[in-house]
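An overview of the molecular structure
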Amino acid sequence: MRINPFKRLVLQKTLEKELLYEKSMVREMKFLDNFLNQTGFDLVINNSVKQNLVKRGNPYTIEVEFYSREPDPKQEPESDEEDSKEEQEASDLCNFYITVHKPHNYLNIECHTENSQIILHDLLFTQEKPQDLRKLFQPKFPGVNFNMLNPTIQKQFVEWLQEIGIPADLAKFIEIQSLIQEQNLYLYWLDSTMQFLNTN
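Quick summary incoming for the structure in this document.

The rules behind the values
Residues numbered from 1 in each chain as written. Predicted model: local features only at pLDDT ≥ 70, side-chain atom pairs only at ≥ 80, totals over all residues. Heavy atoms only, no water. Helix = DSSP H or I, 4+ residues; strand = E, 2+ residues; numbered from the N terminus. Buried < 20%, exposed > 50% of the residue type's maximum accessible area, 1.4 Å probe, protein only. Contact = heavy atoms within 4.5 Å. Areas by Shrake-Rupley, 256 points an atom, 1.4 Å probe, with all protein chains shown as cover. Core = buried A, V, L, I, M, F, W, Y, C linked by side-chain atoms within 4.5 Å. Pairing = 2+ DSSP bridges. Axes fitted to C-alpha atoms, helices over the stretch in contact; angles between N-to-C directions. Polar contact = N/O pair within 3.5 Å; in protein donor to acceptor, adjacent residues only side chain to side chain. Salt bridge = Lys/Arg side-chain N within 4 Å of Asp/Glu carboxyl O.

1. Section: the overall build of the protein
Along the protein, the regular secondary structure elements total 6 helices and 7 strands. Counted from the first residue to the last, the protein has its helices and strands arranged as α-α-β-β-β-α-β-β-β-α-β-α-α. The buried share of the protein, taken over its 200 residues, is 35%. Taking the intrachain contacts of the protein between residues at least 6 apart in sequence as the baseline, contacts between residues at least 24 apart amount to 54%. Total accessible area computed for the protein in this model is approximately 13,800 Å², and 52% of it derives from carbon and sulfur atoms.

Written out as structure tokens, the structure is:
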């Protein structure tokens, strides 16, 4: 079967335009560097999607685990503005986990971001470091729902987290960094596809 090279050339040109467009969208995010410098967290990218922030201190070590997420897809305007607004708010959420630990004692917290705010969900103590925090917080987990706590305890718990080194703008960092990592993966795919097509 004879392959028409024109199809490959058209795809290459389209990929080149997309790659240039995506690179132009990458802006230097000084906020991310400032956050890491000011808070003392180290950013660790474990694999293509999983990322961690780690800060070792005395007496607590703090780890934050989050994942890359896809940028909001471009969609046509919908007639129902209320439904469209709810979908947009849902797409802005970014789930993450905070672990505060001392030797053989781990406080694990399930959270999400909402409008660059930290929203706490469930709290669970373990004696060992969990291998998979997403599986740890199943529907029947043996922990406590943060929203069910006394409002005074909630307020003082949040103040304690801030005191030990979990800043309020952590949510903003996670929102930006998770999207940047997703875009970096997309750029890598575009570049790899270009190289594949250019190989004879």
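Now that the structure has been shown, we can carry on.
2. Describing the nonpolar core
Formed by 25 residues in total, the largest nonpolar core has its most connected members in Val64, Ile98, Ile109 and Leu170. The residues touching isoleucine 109, leaving out its near neighbours within four places in the chain, are Phe96, Tyr97, Ile98, Leu120, Asp122, Leu123, Phe137, Phe157 and Leu161.

3. Quick look at the sheet that holds strand β6 (residues 117-126)
Within a sheet, each strand pairs with its neighbour through backbone hydrogen bonds, oriented either parallel or antiparallel. Across the sheet, which stays open at both edges, the 7 strands sit in the order β1-β2-β3-β4-β5-β6-β7 with antiparallel pairing between neighbours. Edge positions in the open sheet fall to β1 (42-45) and β7 (144-145), since each of these has one partner strand only. Pairing of strand β3 (residues 61-67) with strand β4 (residues 94-102), which is carried by 6 bridges, proceeds in the antiparallel orientation. Bridging from a neighbouring strand, valine 64 pairs with isoleucine 98 of β4. Against the sheet, helix α6 (residues 170-198) contacts β1, β2 (50-56), β3, β4, β5 (105-114) and β6, and its axis sits at roughly 45° relative to β3.

4. Some words on the side chain of threonine 39
With respect to the helices and strands, threonine 39 occurs in helix α2 (residues 30-39). The exposure class of threonine 39 is buried, given its relative accessible area of 17%. At a separation of 2.7 Å, a polar atom in the side chain of threonine 39 contacts the main-chain carbonyl oxygen of phenylalanine 35. Polar contacts involving the side chain of threonine 39 include one to the main-chain amide nitrogen of phenylalanine 41, which spans 3.4 Å. If near-sequence neighbours (up to four positions away) are discounted, threonine 39 is found in contact with Lys55 and Pro167.

5. A closer look at the side chain of asparagine 52
Mapped onto the secondary structure, asparagine 52 falls in strand β2. In contact with asparagine 52, other than residues within four places in its own chain, are Asp42, Leu43, Val44, Asn46, Glu63, Val64 and Glu65.

6. Side note on the pattern of salt bridges
Scanning all chains against the criterion turns up 3 salt bridges. We note a salt bridge from glutamate 65 to lysine 50, for which the minimum N-O separation is 3.6 Å. Placement of glutamate 65 in strand β3 and of lysine 50 in strand β2 is noted, with a sequence separation of 15 residues between them. The exposure class assigned to glutamate 65 is buried, which follows from its relative accessible area of 8%. Note on lysine 50: relative accessible area 21%, which makes it partly exposed. Measuring nitrogen to oxygen at the nearest pair gives 2.6 Å for the salt bridge that ties lysine 155 to glutamate 159. Of the two residues, lysine 155 and glutamate 159 are both situated in helix α5 (residues 151-164); the distance of 4 residues between them amounts to about one turn of the helix.

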